[in-house]
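# Coordinate inspection notes
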Amino acid sequence: DAGVTQTPRHEVAEKGQTIILKCEPVSGHNDLFWYRQTKIQGLELLSYFRSKSLMEDGGAFKDRFKAEMLNSSFSTLKIQPTEPKDSAVYLCASSSRTGGALEQYFGPGTRLTVL
Amino acid sequence: SQLAEENSWALSVHEGESVTVNCSYKTSITALQWYRQKSGKGPAQLILIRSNEREKRNGRLRATLDTSSQSSSLSITATRCEDTAVYFCASTGGYKVVFGSGTRLLVSP
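Residues numbered from 1 in each chain as written. Chains lettered and ligands numbered in written order. Predicted model: local features only at pLDDT ≥ 70, side-chain atom pairs only at ≥ 80, totals over all residues. Heavy atoms only, no water.

### Re the overall build of chain B
Selection criterion: Strands are runs of DSSP state E lasting at least 2 residues, helices are runs of H or I lasting at least 4, and numbering of each runs from the N terminus. The atom set for the radius of gyration is the C-alpha atoms, and the globule formula is 2.2 Å times the number of residues raised to the power 0.38. Each residue's exposure class comes from its accessible area (1.4 Å probe, protein chains only) as a fraction of the maximum for that residue type: buried when under 20%, exposed when over 50%, partly exposed otherwise. Working rule for contacts: check all heavy atoms of both residues, and any pair within 4.5 Å makes them a contact. The accessible surface values rely on the Shrake-Rupley method and a 1.4 Å probe; as for residues, cover is taken only from the protein chains in view. Within this scheme the basic residues Lys and Arg register as positive and the acidic residues Asp and Glu register as negative, but His and the chain ends are omitted. Throughout, a charge is located at the NZ atom of Lys, the CZ atom of Arg, the CG atom of Asp or the CD atom of Glu.
Looking only at helices and strands, chain B features 0 helices and 11 strands. In sequence order, the secondary structure elements of chain B are arranged as β-β-β-β-β-β-β-β-β-β-β. Relative to its length of 109 residues, chain B is compact, with a C-alpha radius of gyration of 13 Å against a globular reference of 13 Å. Once the C-alpha set of chain B is aligned to its principal axes, its extents read approximately 40 × 25 × 20 Å. For chain B, with 109 residues in total, the buried portion stands at 43%. Considering only residue pairs separated by 6 or more positions, chain B has 53% of its internal contacts joining residues 24 or more positions apart. Within the structure as shown, chain B displays about 5300 Å² of accessible surface, and the carbon and sulfur contribution to it stands at 48%. Taking the average location of the 13 positive side-chain charges in chain B and that of its 9 negative ones, the two points are 6 Å from each other.

### Some details on the confidence of the model for chain B
Rules: The quantity called pLDDT is the predictor's confidence in a given residue, expressed from 0 to 100.
Of all residues in chain B, 95% attain a pLDDT of 70 or more, and the chain-wide mean is 91. Element-level mean pLDDT values for chain B span from 69 in strand β1 (residues 4-6) of chain B up to 97 in strand β7 (residues 61-66) of chain B.

### Some points on the side chain of S47 of chain A
Here S47 of chain A shows up in strand β5 (residues 42-50). Excluding residues that lie within four positions of it along the chain, S47 of chain A makes contacts with L32, F33, W34, L54, E56 and A67 of chain A.

### Focus: the interface of chain B and chain A
How we decide: When two parts are put together, the accessible area they lose, computed with a 1.4 Å probe and summed over both, is reported as buried area. Only one rule defines a salt bridge in this text: a Lys or Arg side-chain nitrogen within 4 Å of an Asp or Glu carboxyl oxygen.
Residue-level contacts link 20 residues of chain B with 19 residues of chain A. Where chain B abuts chain A, roughly 1500 Å² becomes buried across the two surfaces, and 56% of that area is made up of carbon and sulfur atoms. If you sort the residues of chain B by the area they bury against chain A, P43, Y95 and F99 of chain B come out on top, with a joint share of 37%. Our count for the contact surface shared by chain B and chain A stands at 0 salt bridges. At the level of secondary structure, the elements contributing two or more residues to the side of chain B that touches chain A comprise β4 (31-37), β5 (44-50), β9 (85-93) and β10 (96-99) of chain B.

### A closer look at the pairing of strand β7 (residues 65-71) of chain A
Residue and element names in this part refer to chain A. The line we're drawing: Strands are labelled as partners when DSSP assigns at least two bridges between them.
Here β7 pairs with strand β8 (residues 74-79) via 6 bridges, running antiparallel. Bridge pairing in β8 links E68 to T76. Between the end of β7 and the start of β8, which pair antiparallel, lie 2 residues.

Below, the structure written as structure tokens:
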């Protein structure tokens, strides 16, 4: 079975650009999470979808970050406009309805560098 | 501030030795999860220990949970070089998972 897929694996953007990161969850999973990982802040939750409904919009992140669940098997995270402080690894995770937050499967992440 | 925190930033052991990573958390939890993240990969869950459990094992791994002191530990016995990774504890309440900053474990031959 395929795990969580994230593309691209690496992204380099100029300050002010718009970037879109993509995630395909494990087939059949209902829940999808986006996280940001940095050395200083660690893993921070950006968004959480349950059956395509947005349950968590990331609080402090929501002004320039927008996650969407286009269908049950595809999600995007848009950052607009990018800033150098957005440089981080962006992780997508999915889980089943019964697993929820207790059984998340993570993708390999997208490493974003903003110049 | 971190609501879940490992107590050591880095640990180093030789293959075959045992090692323990400790974690403290600050909120009431549904469960405490231990994850491992290898270089270039996403975190992978090792053990899930629910709030009404005191100990859980998975092969060479053993996790304990003390809800009175809000602490947990992950022990690895007979370590191998492939155990080299960052280990996170994560406190869970509802859909929120709060990860600690991680402990880097280096297992050398």
